Amino acid sequence: MIRRFPGLRRLLHIERGRATVDRAVDDELRFHFDMTMRELMAGGMNPEEARRETQRRFGDVQRTRERLTTIDRSRVGQEQRAEWWSAFAQDLRYALRGLRLKPWFAVAVILTLGLGIGANAAMFGIVDRLLFRPPPFLDAPARESRIYLMRSIRGTETSQSFTGYRRYLDLRETTTSFDAMTPYYVNKAAIGTGEATLEMNVAISGSDLWKMFAIKPAIGRFFTAEEDVPPAGTRVAVLSYSYWQTEFGGRKEALGTLMDIGPAKYTIVGVAPDGFNGFELDPVVAFIPISAENAAVGRGGPENPWYSTYNMTWFEVFARRRPGVTEAAATTDLTNAYRQSYRKQTEANPKNQPYALTKPHAMVGPVLRDRGPNERSDAKVASWLIGVAGMVLLIACANVANLLLARALKRRREIAVRIALGVSRGRLLMQLLTESLLLAILGGGLGIAIAQWGGIAMRRLLLGQDDSGPSAFADSRLLLFAIALALMAGILTGLVPAFQTGRGDVASALKAGSREGVVHRSRLRVGLLIVQAALSVMLLIGAGLFLRSLSNVENVHMGYDADRLLYVGMNARGVKRDSLQNSALRRALLAKAQSLPGVEHATLALTVPFRSSWDFSIYVAGIDSTQRLGSFTLQAGSQDFFATMGTRILRGRSFNSTDGEHAPLVMVASESMVKALWPNQDAIGKCVRINADTAPCTTVVGIAEDVRRQSMAETQMHYYMPADQFNPNIGGLFVRTRGLAADKGEEVRRALQSLMDGGSYVTVTPMTTIIASQIRSWKLGALMFSVFGALALVLAAIGLYSVIAYNVTQRTHEMGVRVALGAQPRDVIRLIVNEGLRIVLPGVALGAVLALVAGRWIAPLLFQVSPKDPPVLVGVVTILVAVATVASWLPARRAARVDPNEALRAD
Amino acid sequence: MANNDLELLQGTLDLLILKTLTWGARHGYAIASWIRDTTQQRLQIEDGALYTALHRMEKRGWIEAEWGVSDNNRKAKYYQLTSKGRRQLRVKTAVWTEYAAAVFQVLKTD
């Protein structure tokens with residue numbers, strides 16, 4: 001009987017604790033002994049004989065007793081499990097039936113949770129890769145680090161992870177804390193030949209790279225220390241697995257073949273294992289020795305070769321500490337080495353900024369760039385967005401909790417009946433939880449699908465990656481995260497209504513009619529709405545701030561017309577030209593570009609904003625050290641430079657045909673440079689000596705407006721020289737197009753490519769593309785905050801609507817009375833809309849206050865907009881009030897149409 | 001006396017208990033007395049083994065127990081057959097009868 005009706009056991013108060021089982025066995029045995037003794041004594045034995053006979057008949061009492069309790073305990077456990085499962089199956093059936101009966105409710109809840117969980121999982125997938133997950137195959141992640149070198153410049157400390165080869169050698173030789181150290185950088189290089197030439201990423205490193213990862217080559221071998229010796233190195237390449245698959249179909253014959261990488265041919269000696277991608281996220285096609293690459297591109301030129309100079313910095317250093325060496329010890333060791341190296345540098349170049357001023361020191365930092373001191377603003381925005389996604393999930397949960405709560409309130413009588421019938425509250429709680437967990441798990445499934453598709457789009461935006469990356473369905477960390485979120489959401493949304501219903505007074509719920517049982521509004525539901533409104537306000541304020549930042553950054557006066565400019569880079573591959581030929585080719589390219597119908601102006605250019613810069617120490621009469629004022633960057637261009645760029649000359653003149661190679665040296669200085677060097681003086685005609693205080697005078701002939709070329713936020717001290725006077729053989733071309741530059745790129749590329757001989761080629765990049773990566777973080781912030789903010793607003797509006805609508809149906813009676821007493825529809829509407837606003841306004845206020853507090857942390861991510869921007873605050877509050885009004889007006893209209901006769905008769 | 005006792009064959013005790021319970025719910029003492037009286041004490045069954053068998057069968061779901069009040073007004077644990085137990089009894093009886101018949105067949109052959 002009992003076994004078949006689980007509830008019955010509780011009804012009959014059969015308890016099943018451990019002690020209870022033992023007691024039951026004792027009771028049973030005692031009864032047996034008493035009865036046997038009695039029978040034996042009735043047969044004529046004395047008590048002592050009877051006792052002995054009873055014992056004899058029974059056998060070993062103690063052992064039997066133990067055996068019985070063991071059996072019973074295991075039986076009880078078995079029964080409890082069976083009962084739990086049958087209860088669970090029943091709950092599940094009940095929940096499924098509920099969903100089938102109200103499919104739209106189910107769809108709404110699953111969609112809400114799916115969006116919330118999906119947004120979070122997708123954001124997690126990105127932040128995980130930026131901030132948490134070490135590069136795959138890393139041998140000892142805890143001991144690996146990226147090295148940072150710190151210097152003070154003008155009193156502010158800057159940490160620099162980029163360094164040069166000479167410095168790397170110094171650090172490597174002087175330190176004792178590391179058992180592996182390698183330079184590492186990823187460069188775009190032309191891969192392949194002829195038409196099929198494509199620019200792809202190549203990783204360049206020392207041979208220690210292979211020591212720092214626990215990997216074996218898929219085929220062939222990795223390159224060795226002997227193949228990485230300056231000045232020339234050996235031109236060998238290790239392919240990435242995926243490139244080997246796509247280009248060579250995974251064939252062994254790839255080994256030993258030659259491959260064009262940038263200006264040189266490399267012999268393929270091996271293939272890295274599947275999934276290995278070095279230290280960074282950008283997918284690479286091959287790994288080559290740093291000596292070979294630098295020798296091939298001739299970095300630094302013959303006077304200033306790459307392996308012996310301190311003055312160029314172009315790669316980062318990764319190192320692995322010896323086992324047992326702490327981070328602090330390694331940092332001390334490394335700082336020591338850096339200081340020695342710095343002294344050596346100063347000995348070689350006395351003009352180097354003095355040690356006492358720069359206070360150099362070093363740090364072993366996290367391998368992941370965005371965990372270190374120079375995290376990218378994209379990563380900062382991403383970490384914010386995960387918080388934002390979390391808020392959206394909270395709102396989604398609040399909404400679902402609200403919906404479940406509304407349902408639970410409707411079922412209150414049913415639940416009260418069940419409690420009265422002896423169903424325990426724990427059991428009821430389980431039932432409500434089963435329902436919400438079922439919904440959450442279905443939502444989680446949808447969320448993972450959303451994370452998969454949304455994640456690809458977000459990765460493209462955030463990491464700038466075009467590859468699809470690992471599938472969300474196959475990423476175990478992401479799946480675990482999504483499941484954890486789903487369970488959390490399920491428990492959260494289930495517990496709220498469970499507590500609410502479990503708390504009620506059974507008797508009063510049973511006594512009251514169906515309506516009175518629920519008429520009093522739930523404070524909890526109102527609380528949830530306030531939270532939702534507050535979260536929506538915060539997200540929308542975030543969206544507003546980022547949108548304003550984006551619009552500010554897009555309207556920044558760059559000092560050049562980015563959307564009309566194309567940068568033309570020249571790559572001389574396999575073609576050796578002397579400087580005369582080189583010069584001739586550049587002039588030919590310039591002339592060809594100028595002759596194109598789609599081109600207005602063209603100029604030679606030494607450097608490209610946001611990509612490269614060039615600086616020398618300069619010497620000006622009357623100023624001790626210009627370096628103390630900061631660095632002065634240099635641009636060199638031909639005659640049409642300023643007309644091409646669209647940079648205005650404020651005073652004086654730009655370059656003209658008289659500024660030839662042998663003419664007196666001239667420069668155009670930027671406004672900021674003029675202000676720094678000659679405040680309150682006329683700069684025109686001043687003399688600047690470049691690179692040495694004995695150099696001939698370069699005379700300032702003009703002053704140009706400031707340009708932004710290293711940061712969107714500030715301008716640099718910058719000056720311009722005629723290319724002929726500086727060096728006409730370095731750099732590329734800027735082309736000013738008629739109409740948008742992006743449309744003319746291919747036309748220009750084809751025309752100029754026709755002049756290139758052999759394997760050499762040109763690359764054409766619109767200036768807007770170069771700038772796009774600079775403003776990506778604001779674009780991303782604006783987009784994601786807007787999407788999440790809108791989602792939050794819609795969810796909150798639905799939540800408010802459903803609560804008001806529900807209240808209205810519950811108060812039909814009251815409305816009927818009011819109308820019967822002469823209330824106008826207008827009054828009823830006002831009453832209900834006011835009620836809606838009364839719920840939402842505290843939430844709006846709370847959200848605004850929280851947003852102001854949080855503004856402090858988000859301020860560095862904004863662009864020229866205060867986190868307390870009044871238009872944004874006012875705008876968001878207005879939007880929320882408007883939405884709240886509409887959301888309560890819709891059900892209010894229905895209430896106003898109540899027919900008092902019908903409403904009152906219903907009782 | 002011990003020499004004349006019949007050793008109990010494996011599983012026979014279960015069969016005897018199940019059979020005993022076909023006349024309704026009984027407590028352990030009643031089952032023990034009934035078996036002793038019916039077999040005229042020819043079977044040597046320790047009461048401890050009997051209780052072990054009862055509890056084991058309860059765990060298997062062949063019998064179920066409920067606390068009730070005995071004839072002399074004391075709390076006692078009453079066992080009764082479940083439908084599963086009834087099925088077991090049928091099967092075991094058939095097997096045992098067949099076994100006994102087979103053994104007897106051999107023994108009576110001269």
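Residue numbering note: each chain is counted from 1, following its sequence as written. Throughout, the order in which chains and ligands are written sets their labels, letters from A for the former and numbers from 1 for the latter. Since the coordinates come from a predicted model, pLDDT governs what is reported: local features require at least 70, and pairs of side-chain atoms require 80 or more to be given and counted, while whole-chain, interface and lining totals use all residues. The basis for every side-chain value is the complete set of heavy atoms in the structure, and neither hydrogens nor water enter the calculation.

Mapped onto the elements of the fold, A:Glu28 is located in helix 2 (residues 18-42). Under the relative-accessibility criterion, A:Glu28 is labelled buried at 3%. Here, two residues are considered to be in contact whenever any of their heavy atoms come within 4.5 Å of each other. Non-local contacts of A:Glu28, meaning those with residues more than four positions away in its chain, are made with B:Tyr51, B:His55, B:Trp67, B:Lys77 and B:Tyr79. Elements are defined by DSSP. Helices are runs of H or I of four residues or more, strands are runs of E of two residues or more, and each kind is numbered from the N terminus. A 1.4 Å probe rolled over the protein chains alone gives each residue an accessible area, and that area as a share of the maximum for its type sets the label: buried under 20%, exposed over 50%, partly exposed in between.

Attention shifts here to the pairing of strand 5 (residues 198-205) of chain A. All names here are of chain A. Between any two strands, at least two bridges found by DSSP are needed for them to pair. Two strands pair when backbone bridges link them, and strand 4 (residues 178-191) and strand 5 are joined in this way by eight bridges, in the antiparallel orientation. By the bridge assignment for strand 5, asparagine 187 is matched with valine 202. Examined bridge by bridge, strand 5 and strand 10 (residues 286-289) share four bridges and lie parallel to one another. Across the sheet, valine 202 pairs through a bridge with alanine 286, a residue of strand 10.

Attention now moves to the packing of aromatic side chains. For any pair of aromatic rings, the description rests on two quantities: the centre-to-centre distance and the angle between the ring planes. All names here are of chain A. The aromatic pairing rule takes the rings of Phe, Tyr and Trp, using the six-membered ring of Trp, and pairs them if the centres are within 6.5 Å, calling planes under 30 degrees apart stacked, those over 60 edge-to-face and the rest tilted. On inspection of all chains with the given rule, the structure shows 36 aromatic pairs over all chains. Ring centres 5.4 Å apart and planes at 55° place the aromatic pair tyrosine 165 and tyrosine 168 in the tilted group. Linking tyrosine 165 with tyrosine 168, this pair stays in helix 6 (residues 165-174), spanning three residues, or about one helical turn. We classify tyrosine 165 as buried; its relative accessible area is 3%. Owing to a relative accessible area of 5%, tyrosine 168 belongs among the buried residues under this scheme. Residues tyrosine 184 and phenylalanine 279 carry aromatic rings whose centres are separated by 5.2 Å and whose planes lie at 85° to one another, so their mutual orientation is edge-to-face.

Buried accessible area, meaning the area lost when the parts come together, often serves as the stated size of an interface. With 26 residues of chain A in contact, the opposing surface of chain B contributes 26 residues. Buried area: the accessible surface (1.4 Å probe) lost by two parts on joining, summed over both. Both faces considered, chain A and chain B share a buried interface measuring about 2,500 Å² in area, 53% of it formed by carbon and sulfur atoms. On the chain A side of the contact with chain B, A:Glu28, A:Phe31 and A:Arg57 bury the most area, a combined 26% of that side's loss. In protein, a polar contact requires one atom able to donate a hydrogen and another able to accept it; more generally it is a pair of N or O atoms within 3.5 Å, and residues adjacent in sequence count only if both atoms are side-chain atoms. At the surface where chain A touches chain B, the tally comes to 12 residue pairs in polar contact (both at pLDDT 80 or more). If you list the elements that add at least two residues to the side of chain A that touches chain B, you get helix 2, helix 3 (47-58) and helix 4 (61-101) of chain A. In terms of residue count, helix 2 of chain A provides more of the side of chain A that touches chain B than any other element does, 12 residues in total. Three classes are used, and their members are as follows: Ala, Val, Leu, Ile, Met, Phe, Trp, Tyr, Cys and Pro are nonpolar, Asp, Glu, Lys and Arg are charged, and the others, Gly among them, are polar. Tallied by class, residues from the side of chain A that touches chain B come to 10 nonpolar, six polar and 10 charged.

Here we come to the pattern of salt bridges. Residue and element names in this part refer to chain A. Think of a salt bridge as a Lys or Arg side-chain nitrogen and an Asp or Glu carboxyl oxygen that are within 4 Å of each other. Summed over the entire model, instances satisfying the criterion amount to 39 salt bridges over all chains. Among the ionic pairs, arginine 587 bridges to aspartate 724, the shortest N-O distance being 3.0 Å. Of this pair, arginine 587 sits in helix 18 (residues 579-595) while aspartate 724 sits in helix 21 (residues 723-726), and the two are 137 residues apart along the sequence. Arginine 587 sits in the partly exposed class, given a relative accessible area of 39%. Residue aspartate 724 is classed as partly exposed on the basis of its relative accessible area of 29%. Salt-bridge contacts for glutamate 705 lead to arginine 648; the nearest nitrogen and oxygen are separated by 3.2 Å. Here the residue glutamate 705 occupies a position in the loop between strand 20 (697-704) and strand 21 (717-722), and arginine 648 occupies one in the loop between helix 19 (641-645) and strand 17 (649-652), the gap between them amounting to 57 residues.

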